[in-house]
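# Per-entry structural report
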Amino acid sequence: MEALSVVEPVDALVLVQDAAECAAALRMLDSWNCTSGVILGCRAIPGAEIGYDGGDQRVRRWEDFGVQNLQISYESVLQYPVVAGALKRFLDNAGVSEDSLLRSPCLQVSFIMQMNTTYIAPLRMVAAAFHALRPKALYVNDHPTFTVRAVRALAQAYRIPVGAVVA
Amino acid sequence: MRPVCFLTHTGNPGSVRRYLNTSAELIARGIPIGFIDVDGGGTAVLNQEVARAAVERCWLEEAFVSAGTPSGASRPIVPELPGSDRPLFRPAVGSLNFDSTFGFSDTLAGLGFDGSPLFARLLAGHAETFLEYLSVAREVLGRVRPGCIVFDLCYTYGVAALIEAAREAGIPTVLMQHAAGVNAFYSCLPDMADRYVAYNRYNIECLARMGVPPERIWLTGAPEGAPTARGTAERAEVLRQLGLPERRKIVLVALKPAREDFSGALRQWNSALLDAVEEVLLQDGRFFVVVRRHPSDAHHPSGAALPMSAETIARFSENLRITDAEDPLEPWLHAADAVITLRSNTLVEAVESGVQVFLVDHRDTDGWPDWERIPAFISVPPAQTREYLRLLCQDPPAEPRISPDLRRRFIEQFGLNRRSDSAARLAAEIAHVIAVGL
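Please read all numbers here as calculations on a predicted model, not as lab measurements.

Calculation rules
- Residues numbered from 1 in each chain as written.
- Chains lettered and ligands numbered in written order.
- Predicted model: local features only at pLDDT ≥ 70, side-chain atom pairs only at ≥ 80, totals over all residues.
- Helix = DSSP H or I, 4+ residues; strand = E, 2+ residues; numbered from the N terminus.
- Buried ≥ 20, exposed ≤ 12 C-beta atoms within 10 Å, placed from the backbone.
- Contact = placed C-beta atoms within 7 Å.
- Core = buried A, V, L, I, M, F, W, Y, C linked by C-beta atoms within 7 Å.
- Domains from an automatic or database assignment.
- Pairing = 2+ DSSP bridges.
- Axes fitted to C-alpha atoms, helices over the stretch in contact; angles between N-to-C directions.
- Nonpolar A, V, L, I, M, F, W, Y, C, P; charged D, E, K, R; others polar.
- Arc of directions from axis to C-beta.
- Left-handed = near helix turned anticlockwise from the far one by under 90°.
- pLDDT = per-residue confidence, 0-100.

Quick look at the overall build of chain B now. What chain B contains, in helices and strands, is 14 helices and 13 strands. Taken along the three principal axes of its C-alpha coordinates, chain B extends 65 × 65 × 40 Å. Here chain B holds 438 residues, and the buried ones make up 43% of them. In chain B, the proportion of contacts linking residues at least 24 apart, taken out of those at least 6 apart, comes to 71%.

The next point concerns the overall build of chain A. Of regular secondary structure, chain A possesses five helices and four strands. Start at the N end of chain A and walk to the C end: the helices and strands fall as β-α-β-α-α-α-β-α-β. Its C-alpha atoms give chain A principal-axis dimensions of about 60 × 30 × 25 Å. Expressed as a percentage of the 167 residues in chain A, the buried residues total 54%. A separation threshold of at least 6 residues defines the contact pool for chain A, and within that pool the share at least 24 residues apart is 72%.

On to the nonpolar core. Counting residues in hydrophobic clusters, the biggest one holds 173 residues, and the most contacted among them are L162, V253 and V289 of chain B. Here this core gets 18 residues from one element, more than from any other, and that element is helix α4 (residues 105-133) of chain A. Counting contributing residues per domain, this core is built from domain 1 (4-72 + 129-224 + 419-436) and domain 2 (232-414) of chain B, each supplying no fewer than three. Setting aside residues up to four positions removed in sequence, V253 of chain B forms contacts with L273, V277, V289, V290, V291, R292 and I340 of chain B.

Residue and element names in this part refer to chain B. You can see F414 is positioned in helix α13 (residues 404-414). Look at F414 and you get buried, because 26 C-beta atoms sit within 10 Å. For the pair F414 and P245, spaced 169 residues apart in sequence, the C-alpha separation works out to 32 Å. Aside from chain neighbours lying at most four places away, what touches F414 is A180, N200, Y202, V348, P369 and W371.

Attention shifts here to the environment of L153 of chain B. Residues and elements named next belong to chain B. Counting through the fold element by element, L153 comes out in the loop between β4 (148-151) and α5 (157-169). Residues L153 and W368 lie 215 residues apart in sequence; the distance between their C-alpha atoms is 16 Å. The residues contacting L153, other than those within four sequence positions of it, are L175, Q177 and Y186.

Residue and element names in this part refer to chain B. The buried count for strand β8 (residues 249-254) comes to five of six residues, which makes it a mostly enclosed element. With four bridges joining them, β8 and strand β11 (residues 338-341) adopt parallel strand pairing. Paired with A254 across the strands is T341, a residue of β11.

This paragraph deals with the sheet that holds strand β5 (residues 173-176) of chain B. Strands in a sheet are paired, the pairing made by backbone hydrogen bonds, and the direction either parallel or antiparallel. All names here are of chain B. Read from one edge to the other, the open sheet built from seven strands follows the order β3-β2-β1-β4-β5-β6-β7, with strand pairing classed as parallel. Where the open sheet ends on each side, the last strands, each with one partner, are β3 (59-62) and β7 (217-219). Within the sheet, the average angular offset between the axes of one strand and its neighbour, ignoring direction, is 25°. Looking at chain direction, strand β6 (residues 195-198) and β7 are connected through three bridges and run parallel. Paired with V197 across the two strands is W218, which belongs to β7.

This part is about the interface of chain A and chain B. Contacts between chain A and chain B engage 51 residues on the former and 50 residues on the latter. Looking at the side of chain A that touches chain B, the elements with two or more residues in it are α2 (69-78), α3 (80-93), α4 and α5 (146-157) of chain A. Sort the elements by how many residues they give to the side of chain A that touches chain B and α4 of chain A lands first, with 17 residues. In the side of chain A that touches chain B, the residues fall into 34 nonpolar, 11 polar and six charged.

Turning to helix α2 (residues 43-53) of chain B, a few remarks are in order. Residue and element names in this part refer to chain B. Every buried residue belonging to α2 is among V45, L46 and E49, and all of these are buried. For α2, the arc enclosing every buried residue in end-on projection is 100°, short of the 170-degree limit, so these residues lie on one face. Counted as exposed and oriented over 90 degrees from the buried face of α2: A44 and A51. Buried residues in α2 make contact with β1 (4-8), α1 (13-28), β2 (33-37) and β3.

Residues and elements named next belong to chain A. With parallel pairing, four strands are arranged side by side in an open sheet as β2-β1-β3-β4. Both edges of this open sheet fall to β2 (37-41) and β4 (162-163), since each of them pairs with a single strand only. Sheet analysis places strand β1 (residues 12-16) next to strand β3 (residues 138-140), joined by three bridges and oriented parallel. Across the sheet, L15 pairs through a bridge with V140, a residue of β3. With respect to the sheet, helix α1 (residues 19-31) is in contact with β1, β2 and β3, its orientation differing from that of β1 by roughly 160°.

Residue and element names in this part refer to chain B. For chain B, the domain assignment lists domain 1 (4-72 + 129-224 + 419-436) and domain 2 (232-414). The gap between the C-alpha centroids of domain 1 and domain 2 is 31 Å. On the domain 2 side, the residues contacting the nine residues of domain 1 number nine residues. Of the residues contributing to the side of domain 1 that touches domain 2, the split by class is six nonpolar, two polar and one charged.

Now for the packing of helix α8 (residues 264-282) of chain B against helix α12 (residues 385-393) of chain B. For any two helices packed against each other, the geometry comes down to the angle between their axes and how far apart the axes lie. All names here are of chain B. α12 packs onto α8 with a crossing angle of 35° between their chain directions and a minimal axis gap of 10 Å. Every pair of crossing elements has a handedness; the one defined by α8 and α12 is right-handed. Mapping the contact onto sequence places L273, A276, V277, E279, V280 and L281 in α8 and T385, R386, L389, R390 and C393 in α12. Across the contact of α8 with α12, the residue classes tally to seven nonpolar, one polar and three charged.

A separate point is the confidence of the model for chain B. All names here are of chain B. On average, chain B scores 87 in pLDDT, and the residues at 70 or more come to 92%. Predicted confidence is poor over residues 66-79, with pLDDT under 50, and the contacts of this stretch with residues over four places away or in other chains come to 35 contacts. On the interface metric, ipTM, the complex scores 0.89, and its pTM is 0.87.

For chain A, the mean per-residue pLDDT works out to 87, and 92% of the residues sit at or above 70. A low-confidence stretch, residues 1-6 of chain A (pLDDT under 50), is modelled with 17 contacts involving residues beyond four sequence positions or located in other chains.

As structure tokens, then:
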């Protein structure tokens, strides 16, 4: 992957879903005099549009940390064997017969590439960005997106405290 | 005679050009040919390339345009979490740490990631969509009755459904990859075709890692016709056609994609390279600089932006040209005395053309062949770009020379190996398969 632009640990990683939550996050960080914070969108990656154009350098894009379309395409291919193996185990456990259409290599190749493009490659890259950012705390409200679930789980796995975004 | 069908999807011009060259040889053998525009994205490029090549229009099936589901390549990435009773993640608290190097398999284990809820939620819907596509694919192949299908790697619903329908009907499939052929990372994908076209030894190595045995690989070289002869008279004619000056040193600068849906880092690399070119070469009246925009910029609205400021372009109008993103590379290579490129397939074609090549190397090696194994080009660290450009400016140029033997070995391993009979050899292989089967 290309080099990430942030190498120093950040005090706070904040995930927001829209401009209003972004404004709240900025007020929250300002109230702590926190200049080493990174605010990212959580609805879609890359290019998570949160409608913020105020110029605060703490509001960043996932692309700044290597999460971008070209890389997702590449990772989607690279992670193919991982997902193919998991899918085989899933079908075996579900007792799907060998002559089922679900066992067709053609069905599987299009399914796995969709899965990888939508979930697995972004997860790989979000996890790499999280590792590079090394946040000391995560702030995020509960939104039912894959990105939020993944980053919350990362915070737990790295034993990083999690708080809510409150102005 | 049953026809050969070429699948187009997002309209890669390189693939279409190879298809058209092969088509001409097939038609000469009395084999009808046609195109199936899988997802409605290839028609415009096909029409453009047919016009450019001045070949007879072949028939076109627009297979899945009415099916409505976009291809995986163009689907917007909106990873909303599908509903499920089972959690996707069961992280083990404190199982990961920042002291170690990032490794995805370790991370997946630490997250307790379980893909089963995604499979359970998504697979049935996917199978339903795939069946819709398969129904269309069966209908199209039943009507067209092709003797062979040729495609390149992009496993959208449409392409995958057509391959499935072809397998059911016993129709042979051939994979002919765009650009410099099957790369190492494609080896992660399953073996889906009956036959594979390789352009070089590296492609064969990668296909072997995919599990493809040698007897299913056709080593033909890229079917694009022989490279143009590079004699003095021919070059003078190319310079005249391109409107380039004869008595100045032509330097071709090949850029990365600048479109906004690609990484901003690529645009920064372009800018840094162009800054160095402006500072060293554009100030020197002995040079004429051609800036080649990346072909993929032609297929995105943001790619239309010029890579240099209007002021700079106007200031250096006497010794600067910026190409259209869709322009074929070969004439510019033919005209060039030197090529400066970031990591891209331009490097392969430039080495093959015999021109001196400078790679400004940002070490972005993901997905690229290990070209450094046979260094038939000069690798330049980005921070030293200006120094190397100044070597070019010395008279005679002081850059290191590449030996012919090194260049020959590079081309055998990584080159397109275009020969005058590549398309004919490929057409002969396809014709044989149609005539006698696999």
